[in-house]
Amino acid sequence: RGAGGHAYWPTAHVRKSKFLFGQTNMARPVPLLAVRGSEGTSLLHGPPACEQHSAFHRDSQPSRCLAFSSDGTLFSWCNAQNVSVVRCSDGSVVSTFDLPKTSLLDFSPLNKVLVTWQVYSNRNSKQSSGRTNLQLWDVQSGQLIKAFFQKKVESWCPSWSDDEQLCVRSVNNELHFYENNDFNTIANKLHMQKVSDFKLSPGAQPSKVAVYVPGTKGAPSFVRLYQYPVLGGPSAALANKSFFKADKVHMQWNRRASAVLVTASVEVDKSGASYYGEQTLHYLATNGETAVVQLPKNGPIYDVAWSPNSSEFCVVFGFMPAKATVYNLKCDPVFDFGTGPRNAVYYSPQGHILVLAGFGNLQGHMEVWDMKKHKQVSKPQAQDSTHFSWCPDGEHIVTATCSPRLRVSNGFRIWHYTGSVLHQQAAAAGSELWEVRWQPFPEGTFPARTITYQAAPSELGTTQATPTQAYRPPALRHLPAKPSARLQEEEPPQNMRPGEKVLSKAALKNQKKREAKKGGQTAVSRTEDSKPEAPPIPPPASQSQSELSAGDPETDKKIKNIKKKLKAIEELKEMQASGKVLQKNQLEKMQKEEVLLRELQELQVTP
């Protein structure tokens, strides 16, 4: 970096970066990983190995924020002195802004506008924009386009359509629409009772917007869908869904902009059943269809995610162990992943792989699933992770432990989806890791590849989750382990075709029992067919199936009762072998088998 603040790079490095970033047809693009921490900001290139990007000199000043453009060609960060924008291909400086207090950054979809936000303050500022804390800058010229007041950090950034023909801001409980980046003229407004939140649809025109209005004085809250520019009149809304119990909502459009998922939540569950409050999931489509997504297990909704194909979505819900289920656009369950320790769901950018994870207060277990075959690929574990994100290539994953969520053991790992750790980097002693972020790429840059089930080769190996065992007091550890009843019975994954009735717990138990019994009978018959004929071996007297008599009716009655109890114990053994968890009284019955055999041997006589 020279005296004027500009950076310079040798020509050889520029040529190398062009090859690395796939600007020629000779190589596949290599995504960058931006790393921000107390030691500064750096760009690392290339999973599996992450090395310093030769065309970007690490900024040793601790940065306040960073951002990539939507197509990944530009990178911007604020180091508490200024905001810099550089090209990712060769590191050349595009523009620099004297904004040392910038806390948030973002680009418009076509990289024409850079949005900067600072914490609002009533004190006079030396900047030419006065006390305004939201600025829109022309990326190429560095000129200020428009400045606004934006006190709240929620919905701080304006929302653009992908072609930048439309931009929306929330101002004083109404939505302001701007066209063609002309922010001096409000092209349209949407004013309702109290618009608390909105979400603009992805894609180009015609743009649609979902708006949320909280309920007041006994009136329900509602979400409505509009298509710009038709925003007024009783029939203007494409869809309308009203509901109670909604302090706030989280709205998600699918990639095709054909439907919205609305997670409504209240902070406090008045029934006292859940510490996480109460949540409901609603579905709205642009064709007017609305529905409440029926979740068969009580408890909070931890996470909801659309598949990139826009035809299905996955929900993680229910008290631990939580369920995870995939639904279609009719809100019918398609596939159920059973129960497990998870509270987050992540689709790969191509949608062919899904990861269910348990972070936060859970142990970091991850389940990697092949969504075409609905088959589990791997089950790695990343303890103490506070961040997870897919690499744009759909094959690599980054997990990180970041501050201030966790101030110890900061660092990140690069994984292959098969569970192999390809690279790990720990923060230096006394330093902190604040953020890691992948460089985005346009859709279609990385086509989906065939999923492999064999772990990728790695010098660091894998971190497959080890099965845990129940705690046993020291006084009992020298004794043989006995089966114990579980507080929560785990449910296995199952296919659920659209319209098929969801099986209850009792139905699942009976189904497993029938399958185990049928499988046992089939195995016995195959074994008998494969073995050569041999003279039958007479069974022992204690387990003979023929009717034996002791010559005394009273003794025969006792023998019959003992045989009946032994038969019940055999059935309990079959149930236990099939995976069913037995109750305490059933286990006690099984322990009496030896006593019953001795009694039968004493009573029974040879005819």
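Residues numbered from 1 in each chain as written. Predicted model: local features only at pLDDT ≥ 70, side-chain atom pairs only at ≥ 80, totals over all residues. Heavy atoms only, no water.

The name given to the protein chain in an unreviewed UniProt entry is Eukaryotic translation initiation factor 2A, with Tetraodon nigroviridis as the source organism. Word for word, the UniProt comment on the protein chain under Sequence similarities (unreviewed entry) is "Belongs to the WD repeat EIF2A family." (UniProt positions renumbered as here; feature names shortened; annotations may be inferred.)

(A) Examining the pattern of salt bridges more closely. Using the criterion set out here, one finds 10 salt bridges in the structure. Note that Asp 336 is salt-bridged to Lys 323, the shortest N-O span being 3.1 Å. Of this pair, Asp 336 sits in strand β27 (residues 333-340) while Lys 323 sits in strand β26 (residues 322-328), placing them 13 residues apart in sequence. In this structure, Arg 437 engages Glu 435 in a salt bridge whose closest nitrogen and oxygen atoms are separated by 2.6 Å. Of the residues examined, Arg 437 reaches a relative accessible area of 32% and is grouped as partly exposed. Through salt bridges with shared partners, a single ionic network connects Arg 36, Glu 435 and Arg 437. (Salt bridge = Lys/Arg side-chain N within 4 Å of Asp/Glu carboxyl O. Helix = DSSP H or I, 4+ residues; strand = E, 2+ residues; numbered from the N terminus. Buried < 20%, exposed > 50% of the residue type's maximum accessible area, 1.4 Å probe, protein only.)

(B) Focus on the pairing of strand β21 (residues 259-266). Most of β21 sits out of view: eight of its eight residues are buried. Neither face of β21 is exposed, since Ala 259, Leu 261, Thr 263 and Ser 265 on one face and Val 260, Val 262, Ala 264 and Val 266 on the opposite face are all buried. Pairing geometry for strand β20 (residues 248-253) and β21, over six bridges, is antiparallel. In the strand pairing of β21, Val 249 is matched with Ala 264. Once β20 ends, the chain turns through five residues before running back antiparallel as β21, passing Ala 257 with a positive phi of about 60°. Bridge count between β21 and strand β22 (residues 278-285): eight bridges; the pairing is antiparallel. Among the inter-strand pairings, Leu 261 is bridged to a residue of β22, identified as Tyr 283. (Pairing = 2+ DSSP bridges.)

(C) Quick peek at the state of the cysteines. Applying the stated rule across the entire model yields zero disulfides. Free cysteine: Cys 50, not disulfide-bonded; nearest cysteine sulfur from Cys 391 at 8.8 Å. (Disulfide = S-S within 2.5 Å.)

(D) Focus on the sheet that holds strand β15 (residues 188-191). Spatially, four strands are ordered β12-β13-β14-β15 in an open sheet, and the strand pairing comes out antiparallel. The sheet is open, and its two edges are formed by β12 (159-160) and β15, each paired on a single side. Pairing between strand β13 (residues 166-171) and strand β14 (residues 174-179): six bridges, direction antiparallel. The residue of β14 that forms the bridge with Cys 167 is Tyr 178.

(E) Local environment of the sheet that holds strand β16 (residues 197-200). Reading across from one edge, β16-β17-β18-β19 is the order of the four strands in this open sheet, with antiparallel pairing throughout. Either end of the sheet is taken by a strand with one partner, and the two such strands are β16 and β19 (239-243). Pairs of neighbouring strands in the sheet enclose a mean axial angle of 15°, with direction left out of account. Both strand β17 (residues 208-213) and strand β18 (residues 221-227) contribute to a ladder of six bridges, which runs antiparallel. The partner of Val 209 across the bridge, within β18, is Tyr 226. (Axes fitted to C-alpha atoms, helices over the stretch in contact; angles between N-to-C directions.)

(F) A look at the side chain of Gln 135. With respect to the secondary-structure elements, Gln 135 resides in strand β10 (residues 134-138). A relative accessible area of 0% means that Gln 135 is categorised as buried. For Gln 135, the side chain forms a polar contact with the side chain of Thr 116, separated by 2.9 Å. In terms of polar contacts, Gln 135 uses its side chain to reach the backbone carbonyl oxygen of Thr 132, at 3.0 Å. (Polar contact = N/O pair within 3.5 Å; in protein donor to acceptor, adjacent residues only side chain to side chain.)

(G) Representation of unusual backbone geometry in the model. A cis amide bond links Tyr 228 to the next residue, Pro 229, at an omega of 10°. Relative to the elements of secondary structure, Pro 229 occurs in the loop between β18 and β19. Look at Ala 257: it is not a glycine, yet its phi comes out positive at around 60°. Along the polypeptide, Ala 257 turns up in the loop between β20 and β21. A relative accessible area of 7% means that Ala 257 is categorised as buried. Even without being a glycine, His 374 presents a positive backbone phi close to 55°. Of note, His 374 is situated in the loop between β30 (366-370) and β31 (375-378).

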